[in-house]
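# Reading the structure
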Amino acid sequence: MGKQSFVYVRSKEYAWVPAIQTDTDGKKATVQIPAFKDEQSIDSDGCRGKKTEEKVDLKGYVGNVLPLQNVDGQGMLIEIPDMVELPYLHEAGILYNLKRRHRDGKPYTRTGDIVIAINPFQWFTEIYTDAVRTRYSNKLVWTDSGETDPRTFVDPHVYETSSLCYKGLAFYQTDQSILVSGESGAGKTETVKIAMNHMASVQRGPVEASSNPEEKFEDPVVNRVLQSNPLLETFGNAKTTRNDNSSRFGKYTQLQFDCLEIVPGNIDRTKSRCHLGGSKCEAYLLEKNRVTGHTEPERTYHVFYQILAAPDDQKASFWSGLKGSTFDSFKYVGATSTTKIEKRTDAEWFEGTCETLSLINLGGDKLIALMRAITAVLQCGNLAFGALGGDADKSECTSKDVLAGLSDILGVAEPELNLAFTERTMKTRNETYKVPLNAETAKNSCDAFAKEVYGKLFLWLVEGINEATKAENNYSRADGQDPGEFGIIGLLDIFGFESFVINRFEQLCINYANEKLQQKFTEDIFRSVQLEYEAEGIELAEITFDDNTDVLDLIEGRTGLCAMLNEECVRPKGSDEAFVQKALGANKKSPCLLVNNMDRMGFGIHHYAGKVMYSAQFFVERNQDTLPTDLEDAMMKSSNFIVAHKPAPAADAGKAPKRQKSNIVGSTIWAKYKTQLASLMGSLRKTQSRYIRCLKPNKAKVPVKMEHIGTVEQLRCAGVVAAVTISRSAFPNKLPNDTVRLRFSGFWDKAAYPAASSDLKDECFAMMTCALKEKAEGDKVAFAVGKTKTYFRSGALEYLEANRAAGLEVHCIPIQKITRGYVVRKKFAKMLNSAKEAERLAKEKAEAEARALADKAAAEKAARDAEFQKEIDKVASAGSEYTDKGKKSDEDTEAKIKECEERVVAAEKESAVLKEKTGEDAKALIMEPKKQKAAAETKLAANLKQVEVLRKENKKIKKEHDKIKKKYDEIKKNNKKLLKANEASGGSFEGENDDMMKVHEKNEKLLDDLEGAKDKNRDMKEACQDKQAEYMNTAESRLEFQKTMARILNLIQDNCKDRQLIEDTSAVAHGCESESKAIMAALEAEYGD
């Protein structure tokens, strides 16, 4: 290939990176990849800077071609608000378009009917003002745009989704829904709030925007809903590794509108006929397992920390046992390093929680009952159980004080609670009997009780919020008429697809919900593509795509994972491993099921977003959302009306598998969740759905930055890539017909491939037939020409772009000749005209200046002549008097001139003498300072040298003085000792002095011997350390050998049937173990710890 192309290549570190393709043979491509400073600097900017050349295998790329960049002629990225309009729509193109918009402060991008919202981690006030809200409302709702898509007049925004939902409900009487999804921290909850506020604003009708940018429109119904949101977050949100305020449940908020009937074909856009009346909320799949346990650094639900952070007097008003309690007082809570959530402490949040509960009529006795129910959950975590009378098959509560406290909170007698936790009532056809539980089972029953209580209080809270916000209780028409059935705009805020290092039961439930939503998403995208193809006149048979039916069959089919798990839950001694093996056996033909050969309790599913491996550990336990009748009865006896409340059974609860004649109450978690999900999907299918996909651009939660791999994974999980695959399944690329004719006319041989008519569509068809004849496969051409656009199959547009320059060389020289001639002629003409104009202006300027000078000279001459004549007349009238005076004046003047000349001569002589004398004096004065300066400098240098010498001598004298002083002090000290000794012994001073000198010599010899011993000791220490390191290496090798032998022995014992081989291997392993123990004992004896 001769022409270079701007492409993307895969990168393990950055997902996709821009490059320049210089050559390809269909199997491998030669590319030049630029070097970038960091991930944030990677951009489609023409691949400037230093580049490295690489060979890329095309086997893993669609159509064996590298995806092209959406760039201009200079290689600069073309940013497009609606990515459906991207000429090259693929994963890499989406990534870099989103990155550019995110960098430029544009958080919203459109992909057909999907709005992609990237969390900017900063607030852009200018795009959420009342003026902006009003502009979107007026453009999209209250202005009739005819057949033109009104979204072409505005930038992508959440406001467009909310406006179109209101429009669909108000003008077409169709219930609407907005599905908001994304991972934790992507901004789902905030997006729902923005959309909700705007829908309340739209219902005002066509209004003028406020001139005050600070003014905000507020609706009382929306305010009630928004005020209740923190309550749901308090009870349903928790800190996770990804987000400090992560929703651990799904929420479907239904805004209720009173819609007046509209006559078909007569839509009045001058006033609003659809008014917001209230709202209802439904909660899905609360993560109740978080109540009884969480891993660091995560937390359990916020409300537990809030109630424990409240003042002691307030805690005591709920239950006296809470006074003085802390996080560490309860095992379900425990210590936490997190002191604030969204810049507020737990104590500050609790104050707001109590205020909001009072606002929605859940204060007073209801508040106390709610807080006591929460306290009961906390108290359950501190209950401990042990063997009853030494019998391991029976148990009793060993924490009597904790049980007494729980009894006080619930209003249930201690013995009844103890028996409810430690016994199980069994029923047969003819009798009822008690079965004792061991300590472990009793503790599991206690945990199940705590989770059930928390689930009840959460649903009670949701019901209380609905009572305060639903239209049936809070809305009435001004005319007093019954509004009848309310129209619905639903907002679904639900957890996104999850895939962690270890995925458990909760991740399977969450991903199952996302598979159901993806199924509807796929249907809606297919419908939009179908409408586009029909509008363009393209055969619908061209659309092919893969749905996720196989995955849903694997999960919810008759022999699927859901059925197998429910069956294992009601089977006596059902286990996680048995569930996995049964599921694998029953679904071995499923293409979506992945077998984990290394783990008998592991399996995988190929979801729409990718492969996910699950660990089935605790699946059976966590799926059992059922209570023994003993615990259920204990709940019903509670004096707390929230705990004793029995919710109405679900409509389809009877369909869940139940164990016959059992004490099991209710159904499994999965059965309940499946029923809830079916109800949700039924509600959504009755609405026209719109989608907002929220993305979290980086884990650090900082503005501007975007991490490529994380963003691409979220695009896949959000179904955006799947939507692209569907919309471009047959024709991945498209261009407007006029662009096609202009861009690729060089390929068209009009004589060989004449157009059927002069119509643009026919010309494009003939042109593409000629240009892509080599890409045709039999009767299947590589393109399709619609009414306004031309669609290209995979690889076709890339082929055209790569070969567009071929054949253009012949036309280049004439084009260049004409262009260069035109440019030169234009430049010369401009220069010539400029010179003539400059000459004309200079001539005119010179003439003007000459005329001005002539006029000025004439005026001055006339003035002088007039003045001269005046003086002549004056002199003539004076007469002879002036003549005499003139003569005398002349004589005086001549005398003065002569006198002045004489004085000048004398002055010149005197000046010459002074000059000669002054020169000699000045020279002497000038030279004298220089001589003095040189002498001073010489003298200064000598003084400095002498000072330096004296300084050094002073230092030496000081050192000698210090030494002499030190010796003097020692001699003085010794002298005192000798004097005392002399006085005691009566000996002579000279003898003692001799002895002292001998002792001094002996001490010096001992010091020399000591230094030699130290050197030898240092050498021995180094040798000992080397031996110790060698010994430790040998010991570690022995220990590693022992561990390896242990693993070999375990493997042989599990898989080998040769007993002799097992015994021989065991003997070697035991020998190795004994030898290792001996080595370790020797090490401990020699070196201690």
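These figures come from a predicted structure and were not determined experimentally.

From N to C terminus, the chain includes 31 helices and 27 strands. Within the chain, counting contacts between residues at least 6 apart in sequence, those at least 24 apart form 67% of the total. Of the accessible surface of the chain, which amounts to about 61,000 Å², a share of 53% is contributed by carbon and sulfur atoms.

Let us now look at the sheet that holds strand β21 (residues 610–615). Across the sheet, three strands lie side by side as β19-β20-β21; this open sheet has antiparallel pairing. Looking at strand neighbours, the two that pair on one side only are β19 (593–595) and β21, the edges of this open sheet. The mean angle between the axes of side-by-side strands here comes to 30°, regardless of whether they run parallel or antiparallel. The pairing of strand β20 (residues 602–607) with β21 spans six bridges and is classified as antiparallel. Within the sheet, the bridge partner assigned to H607 lies in β21 and is G610.

What follows covers the side chain of S163. Structurally, the position occupied by S163 is in helix α3 (residues 158–172). Residue S163 is classed as buried on the basis of its relative accessible area, which comes to 0%. Discounting residues that sit within four places of it in the chain, S163 has contacts with Y136, S137, L140, V141, H198 and V202.

A word on the nonpolar core. Core analysis: the largest hydrophobic core is formed by 69 residues, its most contacted members being F235, F304, L383, F421 and Y454. Among the elements that line this core, the one with the most residues is helix α13 (residues 439–469), at 13 residues. If sequence neighbours within four positions are ignored, F235 has contacts with Y301, V303, T353, L370, I374, Y454, L457, F458 and L461. I114, I525, L554 and L680 belong to the second largest nonpolar core, which has 57 residues in total.

Mapped onto the present numbering, the UniProt feature "coiled-coil region" (unreviewed entry) falls at residues 829–863 and 890–1030. Helix makes up 100% of residues 829–863 and strand 0%, and the two end C-alpha atoms of the span are 51 Å apart.

Across the chain, the average pLDDT comes to 83, with 81% of residues at or above 70. Low confidence marks residues 985–989, where pLDDT is under 50. Its contacts with residues over four positions away, or in another chain, come to six contacts.

Take the pattern of salt bridges next. Tallying each qualifying case throughout the model produces 36 salt bridges. With a closest N to O distance of 3.4 Å, D130 and R204 form a salt bridge. Taken as a pair, D130 in helix α2 (residues 130–140) and R204 in the loop between α4 (188–202) and α5 (220–236) lie far apart in primary sequence, 74 residues in all. Among the residues examined, R204 registers a relative accessible area of 30% and is labelled partly exposed. A single network of salt bridges, built from pairs that share partners, joins R248, E287, R290, E298 and E498.

Note that an α-helix has 3.6 residues per turn; residues three or four places apart therefore point the same way. With seven of 10 residues buried, helix α17 (residues 561–570) is to be regarded as a mostly interior element. When α17 is considered as a whole, its buried residues turn out to be L561, C562, M564, L565, N566, E568 and C569.

With that out of the way, let us pick up the environment of T425. Looking at where T425 falls in the secondary structure, it is placed in strand β16 (residues 423–427). The spatial distance from the C-alpha of T425 to the C-alpha of V435 is 6.3 Å, given a sequence separation of 10 residues. Here the side chain of T425 touches K434 through a polar contact of 2.8 Å, side chain to side chain. A polar side-chain atom of T425 sits 2.5 Å from a polar atom in the side chain of D630.

Position of L260 relative to the elements: it lies in the loop between β10 (250–259) and β11 (274–284). Residues L260 and Q173, 87 residues apart in the sequence, show an inter-C-alpha distance of 9.2 Å. Ignoring sequence-local partners within four residues, the contact set of L260 consists of Q173, R273 and R477.

This next bit is on empty space enclosed by the protein. Following the criterion strictly, the structure yields five cavities of 30 Å³ or more and no others. Its boundaries defined by the atoms lining it, the largest cavity holds a volume of some 80 Å³. Looking at the largest cavity, it is lined by 13 residues, and the ones nearest its centre are S181, N514, L517, Q518 and R693. Here the lining of the largest cavity gets four residues from one element, more than from any other, and that element is helix α15 (residues 505–536).

Burial runs high along β11: eight of the 11 residues are buried. Inspection of the sheet shows β10 paired to β11 by 10 bridges, in the antiparallel sense. Within β11, the residue paired with Y252 across the bridge is E282.

Read from one edge to the other, the open sheet built from four strands follows the order β1-β2-β3-β4, with strand pairing classed as antiparallel. With one partner strand each, in any of the chains shown, β1 (5–11) and β4 (51–57) form the two edges of the open sheet. Taking the axes of each pair of neighbouring strands and ignoring which way they run, one obtains an average angle of 45° across the sheet. Bridge count between β1 and strand β2 (residues 15–24): seven bridges; the pairing is antiparallel. The residue of β2 that forms the bridge with S5 is Q21.

Another point: unusual backbone geometry. Residues E296 and P297 are joined by a peptide bond in cis, for which omega reads 0°. Tracing the backbone through its elements, the reader meets P297 in the loop between α6 (289–292) and α7 (302–308). Of note in this structure, F121 is not a glycine but carries a positive phi near 55°. Along the chain, the position of F121 falls in the loop between β6 (114–118) and α2. Positive phi is not limited to glycine here, since Q173 has a value of about 55°. For Q173, the location among the structural elements is in the loop between α3 and β7 (176–182). On the basis of relative accessible area, Q173 is assigned to the partly exposed category, the value being 40%.

Now for the side chain of E91. One can find E91 in helix α1 (residues 91–103). Judged by its relative accessible area of 15%, E91 falls in the buried class. There is a polar contact of 2.9 Å between the side chain of E91 and the side chain of W16.

Once that is clear, we can look at the packing of helix α12 (residues 414–422) against helix α20 (residues 629–636). As a packed pair, α12 and α20 sit with axes 8 Å apart at the nearest point and diverge in direction by 150°. In terms of orientation, α12 lies roughly antiparallel with respect to α20. Crossing of α12 over α20 shows left-handed handedness. Across the interface between the two elements, L417, A420 and F421 from α12 touch D630, L631 and A634 from α20. Grouping the constituent residues of the contact of α12 with α20 by class yields five nonpolar, no polar and one charged.

What counts as what
- Residues numbered from 1 in each chain as written.
- Predicted model: local features only at pLDDT ≥ 70, side-chain atom pairs only at ≥ 80, totals over all residues.
- Heavy atoms only, no water.
- Helix = DSSP H or I, 4+ residues; strand = E, 2+ residues; numbered from the N terminus.
- Contact = heavy atoms within 4.5 Å.
- Areas by Shrake-Rupley, 256 points an atom, 1.4 Å probe, with all protein chains shown as cover.
- Pairing = 2+ DSSP bridges.
- Axes fitted to C-alpha atoms, helices over the stretch in contact; angles between N-to-C directions.
- Buried < 20%, exposed > 50% of the residue type's maximum accessible area, 1.4 Å probe, protein only.
- Core = buried A, V, L, I, M, F, W, Y, C linked by side-chain atoms within 4.5 Å.
- UniProt positions renumbered as here; feature names shortened; annotations may be inferred.
- pLDDT = per-residue confidence, 0-100.
- Salt bridge = Lys/Arg side-chain N within 4 Å of Asp/Glu carboxyl O.
- Polar contact = N/O pair within 3.5 Å; in protein donor to acceptor, adjacent residues only side chain to side chain.
- 1 Å grid on protein atoms, 1.4 Å probe; cavity = no way out; pocket = protein on both sides within 12 Å on 5 of 7 lines; lining within 4 Å.
- Points joined across faces, edges and corners; volume = space filled by probe spheres on them.
- Parallel < 35°, antiparallel > 145°, perpendicular 65-115°, else oblique.
- Left-handed = near helix turned anticlockwise from the far one by under 90°.
- Nonpolar A, V, L, I, M, F, W, Y, C, P; charged D, E, K, R; others polar.

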